[in-house]
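Each chain, written out:
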Amino acid sequence: MDEARDTFVAVFLYPDDSAESVSRRLPIVGAGPPAVIRAASAFEGAAAVDVFRLVDASAWPEAAAYLYAGTEPGTVADGDGVEQVSTPDD
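Residues numbered from 1 in each chain as written. Predicted model: local features only at pLDDT ≥ 70, side-chain atom pairs only at ≥ 80, totals over all residues. Heavy atoms only, no water.

Draft legend 1. Quick look at the pattern of salt bridges. Scanning the model with the defined rule gives two salt bridges in all. Ionic pairing is found between Glu72 and Arg38, a salt bridge with its closest N-O pair at 2.9 Å. Here the residue Glu72 occupies a position in strand E5 (residues 63-73), and Arg38 occupies one in strand E3 (residues 36-43), the gap between them amounting to 34 residues. Here Arg38 and Glu83 are joined by a salt bridge, their closest N and O atoms 2.6 Å apart. In this pair, Arg38 sits in strand E3 while Glu83 sits in strand E6 (residues 82-85), placing the two residues 45 residues apart along the sequence. One salt-bridge network, in which partners are shared between bridges, spans Arg38, Glu72 and Glu83. (Salt bridge = Lys/Arg side-chain N within 4 Å of Asp/Glu carboxyl O. Helix = DSSP H or I, 4+ residues; strand = E, 2+ residues; numbered from the N terminus.)

Given below as structure tokens:
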């Protein structure tokens, strides 16, 4: 299996440089980039997810950029702590 073909780099951006941008290699699970990525997090000691929305897919399928939209209570089912959502939830 060729990891470069089966994965993409998700770049997580934060508005106003409130936190440093990070990137993570994720598996490609559909024909296009996921609209939303939910990443396991913690908020005041409780289980939470950071929600990132797609903002730039011009480098797809090699990479896509996601902007932080907020933190909400909950968990992700994936053992790697990341859940890809193909359609927006709003």
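Following the structure, the description resumes.
Draft legend 2. Inspection of the sheet that holds strand E2 (residues 22-27) at higher detail. Pairing is mixed in the open sheet, where six strands are placed in the order E2-E1-E5-E4-E3-E6. With one partner strand each, in any of the chains shown, E2 and E6 form the two edges of the open sheet. On average, each strand axis in the sheet is tilted by 35 degrees relative to the strand beside it, whichever way the strands run. Where strand E1 (residues 7-13) and E2 come together, six bridges link them in antiparallel fashion. Along E2, the bridge assignment pairs Thr7 with Pro27. (Pairing = 2+ DSSP bridges. Axes fitted to C-alpha atoms, helices over the stretch in contact; angles between N-to-C directions.)

Draft legend 3. Here's a closer look at the pairing of E5. When E1 meets E5, the two strands line up parallel, connected through five bridges. Among the inter-strand pairings, Val11 is bridged to a residue of E5, identified as Ala65. Alignment of strand E4 (residues 46-56) against E5, held across eight bridges, turns out to be antiparallel. Bridge assignment links Leu54 to a residue of E5, and that residue is Tyr66. Linking E4 back to E5 in an antiparallel pair, the connection comprises six residues.

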